[in-house]
Every structure is written in C-alpha cells, then in structure tokens.
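Coordinate inspection notes
What follows is the residue order along each chain.
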Amino acid sequence: MMFRKNVADLLVDVLAQAGVHRIYGVSGDSLNALTESIRVTKQLEWIHVRHEETAAFAAGAEAHLTGGLAVCAGSCGPGNLHLINGLYECQRSRVPVLAIAAQVPSAEIGSGYFQETHPEHLFAQCSHYCELVSQPEQMPRVLEIAIQTARARRGVSVIALPGDVAFRAATESGPRLHFPDPTPQVRPSDEELEILAEVLNTAERVTIFGGAGCAGAHAELIELADRLRAPIVHALRGKEFIEYDNPFDVGLTGLLGFSSGYHAMMNCDVLLMIGTDFPYRQFFPPSAKIVQIDLRGEQLGRRTKVDFGFVGDTKSTLQALLPRLHANHAYHHLNNSVEHYRKTRKSLDDLAVAPSGSTVIHPQYLTRMINEVAADDAIFTCDVGTPTVWAARYLTMNGKRRLLGSFTHGSMANAVLQAIGGQVTHPDRQVIALSGDGGLAMMMGDLLTLRQHELPVKIIVFKNDSLAFVELEMKAAGVLDHGTRLRNPDFARIAEGAGMLGLSVERPDQVKAALEEAFSYRGPALVQVPVPRQELSMPPTITYEQAKGFGLFMLKAVLNGRGDEIEDLASTNLFR
Ligand SMILES: Cc1cc2nc3c(=O)[nH]c(=O)nc-3n(C[C@H](O)[C@H](O)[C@H](O)COP(=O)(O)OP(=O)(O)OC[C@H]3O[C@@H](n4cnc5c(N)ncnc54)[C@H](O)[C@@H]3O)c2cc1C
Ligand SMILES: Cc1ncc(C[n+]2csc(CCOP(=O)(O)OP(=O)(O)O)c2C)c(N)n1
Ligand SMILES: [Mg+2]
C-alpha cells in the first residue's frame, strides 16, 4: 500500500524543504503525529530538552547565529505555555522562529477540556502571526505563511495544531513554495541620500551610534567613520559586529557604558544612528542634530527626537552614501574621543587584576581570563544580571566570536539555554555560558540536556550568593536590599551528578588552570567561581538627597566601575 501523508508528515516535509534541520521541544500526546513523523522520515532531528522555555531560547539562539529559521514545539496547554518567555525573547530580538503549539482534540475546543488553552490569544503578543490549523486543507498554506512571516518580519510565528488534525490525511502532497529567501536591497531615495550627504558633509563633529543592524556592513561602517572622522559608539547588541578591527571604536554607552562612549555622544554636533534601538532615552544628546537610519520605518524616532530619518539596510545605504561624502578634515573630535576611550579602557582593565597574595576573585578578572583562554571563534552567552555587565566590558569580539544574551527582553537564566542552541548548531565550536548563580538555578533542569545530547557546553558560574544585579538596583534606588540572598548548593557537585565535569576554584591563581581544563575537556563542564557579592559599590560621596529621583543615572555611575563619573553626570543636569 502506498504511504499516505498525514498533516504532520506534510509539516515535516515543508520544514525540511525550508532548510530547517531540527525541532527543539518536549514531546506529548498532542505532538504524537509530529514526533512519529520525525522518527519515521528522519528528515528532522528532535532535540529533546527538559523544559519548553529552553526549547524556545535554544531555537532563538540558533536563529540568531545562523540567520535562518529555527523551530520549537510544545504539547497542548502547559506544554506550549512554557514556551512563552522564550518566544518573547525571540520576538523582541527579531530572530525568525516558528513555534508549533499543539492543541487539544479539535472536537473538544471550547469545552474547557483537559489542558485546554487558546494559543491564538496567548501567543498573540509575542508573535507576528499566530493561527489555528483546524482543517487539513489549510496545510501547507498556513504553515508557509507562518514561515514567510517569521522570515520577512524577523520574529515569531506560531501555529496551533490539534493532535487529531495532525494525524488526518493531508490533502496536498508537498510544499507550494520553491524560491530561495528573498534578499532585497533597501536604501533611501537619491534625493534623500543627497540630504543625508549634505547634513554629514557640513558637520564638524559627527558621532556614529551603531547597533545590531550594522551586522554584515563592517567595512562600510569603518569607511564611513574614516571619511567623517567620526568616533563609533555601539549599543550592546551591536558589540559583536562593530567593536573588532575598529580604530574608531569608543565603546558602549548606557547603564553599563564606558564614559568615553557617553561623552562621544554628548559632545557631537551630529549623531548618526545606524541600526540601533538602544532603549535608554537619558543617554541621547539633548541638543545635537540627530540622524537615524534603520531598516524599519517604525523604528525612526522611537528612542529620541530625530531631525532626519531614513529607511534603509545599513550595507546598501552606506554603499550608496559613501561616494557622496567628502573627507572631514577636523580631527579633534575623533582624536579626543579615541584618547578618552583609551583611558577608560585602561581604567577598566586595571580593575581586572588579581594582585599577588589576594584571595578575592574579582568578576572582572574572571571574565578577562575567560576572554584570554577562550577560542578565537568561541560563542559566548551571558546571563541577565552582572554577567551581562562583565561580558559587555571584558569579552573581546573579533569578527568570528559571537555574543548572545537576553539583551532586549532581559530574562534571567538565558545563558545555558542559548548555549544549548549554540552548541547544537555549532558542534565543533567552543560554546561558553557566563551564568549567574541565580540564573543557573532558575533553569537548572536543562543541565541534563547537555549529557542527553552530548553537548560540550562550558558553564562558568559567577557565584556571588545573591541576585547581585537587583541588589545593586535596590541600593541605587535607595531602598534596602531584601530577598536577594541565595543559599547556594555546590554547583560543581551538581554538575558531576548530571554527568558533567564539575570544577571549583577558590583563589585567583587557580582560575586560569581551571578554565583551561574545562575548555579542553571533551564533554560538558562547569566551573564554579566565588566572586564578591558587592563588587560594584556605591560611590561614597553621594547623599540620599542627591540619589533621590536619580535611580537610573546613579546606576550608570555605579556601573561605570569606579563611581567617579557621578559628579560629572549630576552637574550636566541631563537627567530627570
Ligand atoms: C542588564 C542589562 C543591561 C543593559 N545595559 C545596556 C547598556 O548599558 N548599554 C547598551 O547598549 N545596552 C544595554 N543593554 C541592552 C539593551 O537593553 C538593548 O538590548 C541594546 O542596547 C540594543 O542594542 P541594538 O540597538 O544594537 O540592537 P536592537 O535593539 O536589536 O536594534 C537593532 C536595530 O537595527 C535595525 N536593523 C536590523 N537590521 C538592519 C539592517 N540590515 N539595516 C538597518 N537597520 C537594521 C532594527 O530594526 C533595530 O531598530 C542591557 C541589557 C541588559 C539585560
Ligand atoms: C525571569 C526574570 N526574573 C527576574 C528578573 C529580575 N532580575 C534581573 S537580574 C536578576 C538577578 C540575577 O541574579 P544572578 O543570576 O545570580 O546574577 P548576578 O546579578 O547575581 O550576577 C534578577 C532577579 C529578570 N530579569 N528575569
Ligand atoms: Mg548571583
């Protein structure tokens, strides 16, 4: 008898043809048709994780690293509900992810059946497209719309699929779409380019503020900065694409920013924003002319007042713009900014040391060591919390290394989950998670996934026995810290119990050797490192009155590393 495809078989066919290699998820009754089709047809791999949130974060990491569509799945009700935080992450990071949300039997929908939820409502807010497949005749069209939407709008699509519909006979035989992913070039009109060139050609002190939208346009960006004699500040998601091989780099701005990044933005007469959605309004210059280029028109003016807004892809736009630009002969702004950066960098590096005889392992030092020992093409992930601060400041990018965090959604516990997706898609690369002790514990069940799939992820635990980042925020806000102490287990022994190599260090002089051992170990490894709970202390000169109402900017001053920026910032009176 001829093999007759069911809806799940067709779904697997379409995904395989769309270049998908795997689905992350936790199986369940309502997903039986899908897992069975994967088992029989062997076109996709089923990456079995221990929590569906992990599936969504791992898929998001895959999509971020490969640029292609990644897929996760959860069984009906609680199974797919667990995806939701990870899907928010993917949607907000603008990575193409498809979620398959299994649904209760179609005849039961609307009855309050066992495990019944309404995924179309639940996922509406964290997706661009979210539809129920109630008839085999909708397939593969609905699935293909979901895929096209996730790719074209770069974000999440969800299809809700009742378990029984997945088993029904398909009415179409295969995929309907047979074209490669379109790659249009988007740039401002010629008239707009003339205006843009005029603004830049007549400015003396231009600062470029670039973000993740500069990916793939490194050469053009450098040429632009050279022509305009402009320092380049980057937003955190742009770090991996902008910081390396860049003589114009003056660092980050923002809460974790470098004072050089902050001042280069404050001291310019034209700020040229390219491909950034940096969210903190307080850090934009109040009186400079602001020009913004973004692929998405709806992003223009979202974060600050904008005098000139243009829609374009960074690479195509800069290629069209560069021939229209004259060389700027005013060097002061660039030279001052770069010199300021050099000093800022040095003062940050001075904090990343282990004085001889010291028994304290500073997190700056630990991160510097991770940076030194890690491979040239390592993939790093960092937990929300202080690991994000240390990664932003002490990991060096080089064009091959990658850096992932939950930078926009800001969810704790992301690092190990993203490392899973990173290692699955790049089995031969070193994948290193910088984990908080709070973050690691939050999703600790998925440590088991590392052995389950033989993923040699390296986890470094910044063990400060607290939710240190929020503790700091509490202090900066002038409230007493409460509910932040962690009574921790021995994570190295937990790792051993989970089939990993578990190492513990106690003193600074043991750090390097432990990292080397873990990084060269063939399987998954965890290194537990005690770091001080109060690494970033409040500047001593601040009174409560000064602090009141200055929450965010106080934090910036604190996080500057030394607290020596505080008076400078207070006197500029930029912050309300
Ligand atoms: C604890 C914590 C602290 C943080 N502190 C800081 C901080 O101090 N400083 C900081 O910078 N960040 C910080 N962040 C991260 C911050 O929240 C933002 O996520 C980040 O600043 C955004 O970076 P981005 O603008 O590069 O990326 P995105 O927000 O992803 O923006 C990218 C922009 O580029 C556009 N785009 C995409 N592709 C193209 C293209 N081809 N051409 C043109 N445009 C394109 C997009 O439409 C979008 O507008 C922190 C995060 C956490 C969790
Ligand atoms: C899911 C979630 N819950 C709570 C928060 C608020 N939050 C931000 S950072 C943080 C502390 C993280 O602690 P840990 O992982 O130990 O890192 P540390 O800052 O101590 O280095 C908390 C609770 C959050 N961002 N996400
Ligand atoms: Mg902690």
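Quick caveat, the model's predicted, so the values are computed rather than measured.

**Considering the overall build of the protein chain**
- Counting its regular elements, the protein chain contains 25 helices and 18 strands.
- Taking 25 Å as the expected radius of gyration for a compact globule of 576 residues, we find that the protein chain reaches 25 Å, a close match to that expectation.
- Scored against the burial criterion, the 576 residues of the protein chain give a buried share of 57%.
- Of the contacts made within the protein chain by residues no fewer than 6 positions apart, 73% connect residues no fewer than 24 positions apart.
- When the 53 positive and 64 negative side-chain charges of the protein chain are each reduced to one mean point, those points stand 2 Å apart.

**Structural notes on the nonpolar core**
- Ranked by size, the top nonpolar core spans 60 residues in total, and within it I370, F380 and I460 carry the most contacts.
- Non-local contacts of F380, meaning those with residues more than four positions away in its chain, are made with I370, A374, L395, M397, R401, R402, L403, L404, I432 and L434.

**Re the site of ligand 2**
- The immediate surroundings of ligand 2 are formed by 17 residues, with T386, D437, G438, G439 and A468 found nearest.
- In the environment of ligand 2, a nitrogen atom lies 2.9 Å from a nitrogen or oxygen atom belonging to the backbone of G410.
- At 2.8 Å from an oxygen atom of ligand 2 is found a main-chain nitrogen or oxygen belonging to G439.
- In isolation ligand 2 has 590 Å² of accessible area, and contact with the protein removes 79% of it.
- Of all the secondary structure elements, the ones that give two or more residues to the shell around ligand 2 are α16 (386–394), α18 (437–442) and α20 (468–476).

**Observations concerning the packing of aromatic side chains**
- Under the counting rule described, the total for this entry stands at 8 aromatic pairs.
- Pairing F258 with Y341 gives two aromatic rings, centres 6.1 Å apart and planes at 10°, and the pair type is stacked. Here the residue F258 occupies a position in the loop between β9 (249–252) and α12 (259–266), and Y341 occupies one in helix α14 (residues 332–351), the gap between them amounting to 83 residues. The burial state of F258 is the same as that of Y341; both residues are buried.

**Section: the coordination of the magnesium ion (ligand 3)**
- Ligation of the magnesium ion (ligand 3) by protein atoms is provided by D437 (OD), N464 (OD1) and S466 (O), these donors lying 2.0 to 2.1 Å from the ion.
- Sequence spacing among the residues donating to the magnesium ion (ligand 3) works out to D-x26-N-x1-S. Here N464 lies in the loop between β16 (458–463) and α20 and D437 lies in helix α18, a separation of 27 residues in the sequence.
- Residue N464 is classed as buried on the basis of its relative accessible area of 7%.

**Describing the sheet that holds strand β13 (residues 379–382)**
- Spatially, 6 strands are ordered β14-β13-β15-β16-β18-β17 in an open sheet, and the strand pairing comes out parallel. What marks the edges here is a single partner per strand, and that holds for β14 (402–405) and β17 (501–504). Direction aside, neighbouring strands of the sheet carry axes that sit 15° apart on average.
- Pairing of β13 with β14, which is carried by 4 bridges, proceeds in the parallel orientation. In the strand pairing of β14, C382 is matched with G405.
- Packed onto the sheet, α16 meets β13, β14, β15 (431–436) and β16 and runs at close to 135° relative to β15.
- Along the sheet, helix α22 (residues 511–520) makes contact with β15, β16, β17 and β18 (525–530), crossing β17 at roughly 175°.

**Examining the pairing of strand β11 (residues 289–294)**
- Along β11, 5 of the 6 residues are buried, which leaves the element largely enclosed by surrounding structure.
- Of the strand pairs in this sheet, strand β10 (residues 270–274) and β11 are connected by 5 bridges, and their pairing is parallel. Across the sheet, L271 pairs through a bridge with I290, a residue of β11.
- Across 4 bridges, β11 lies against strand β12 (residues 308–311) in parallel orientation. Opposite Q292, over in β12, you have G309 as the bridge partner.

**Describing the site of ligand 1**
- Taken together, 32 residues form the shell around ligand 1, and within it R237, L256, T276, D294 and R296 come nearest.
- Between ligand 1 and G238, the relevant distance is 3.2 Å, taken from an oxygen atom to a main-chain nitrogen or oxygen of the residue.
- Backbone polar atom of D277 to an oxygen atom of ligand 1: 2.7 Å apart, as the coordinates give it.
- Notes on ligand 1: free accessible area 990 Å², of which the protein chains cover 92%.
- Residue classes in the shell around ligand 1 are distributed as 13 nonpolar, 13 polar and 6 charged.

**Some words on the packing of helix α1 (residues 7–17) against helix α7 (residues 141–153)**
- α7 packs onto α1 with a crossing angle of 30° between their chain directions and a minimal axis gap of 10 Å. Relative to α7, the element α1 lies roughly parallel. In terms of crossing hand, the pair formed by α1 and α7 is right-handed. Contacts from L11, V14 and L15 of α1 reach α7 at L143, E144 and I147.
- Across the contact of α1 with α7, the residue classes break down as 5 nonpolar, no polar and 1 charged.

**Re the environment of T388**
- When you line up the elements, T388 lands in helix α16.
- If we skip the residues at most four places from it in the chain, T388 touches L236, L256, C382, D383 and F407.

What counts and how
- Residues numbered from 1 in each chain as written.
- Chains lettered and ligands numbered in written order.
- Predicted model: local features only at pLDDT ≥ 70, side-chain atom pairs only at ≥ 80, totals over all residues.
- Heavy atoms only, no water.
- Helix = DSSP H or I, 4+ residues; strand = E, 2+ residues; numbered from the N terminus.
- Rg over C-alpha atoms; globule rule 2.2 N^0.38 Å.
- Buried < 20%, exposed > 50% of the residue type's maximum accessible area, 1.4 Å probe, protein only.
- Contact = heavy atoms within 4.5 Å.
- Lys, Arg positive; Asp, Glu negative; His and termini not counted.
- Charge placed at Lys NZ, Arg CZ, Asp CG, Glu CD.
- Core = buried A, V, L, I, M, F, W, Y, C linked by side-chain atoms within 4.5 Å.
- Near = heavy atom within 4 Å.
- Polar contact = N/O pair within 3.5 Å; in protein donor to acceptor, adjacent residues only side chain to side chain.
- Areas by Shrake-Rupley, 256 points an atom, 1.4 Å probe, with all protein chains shown as cover.
- Phe/Tyr/Trp six-rings, centres within 6.5 Å; stacked < 30°, edge-to-face > 60°.
- Donors = N, O, S within 2.8 Å, 3.2 Å for Na, K, Ca; no water.
- Pairing = 2+ DSSP bridges.
- Axes fitted to C-alpha atoms, helices over the stretch in contact; angles between N-to-C directions.
- Nonpolar A, V, L, I, M, F, W, Y, C, P; charged D, E, K, R; others polar.
- Parallel < 35°, antiparallel > 145°, perpendicular 65-115°, else oblique.
- Left-handed = near helix turned anticlockwise from the far one by under 90°.

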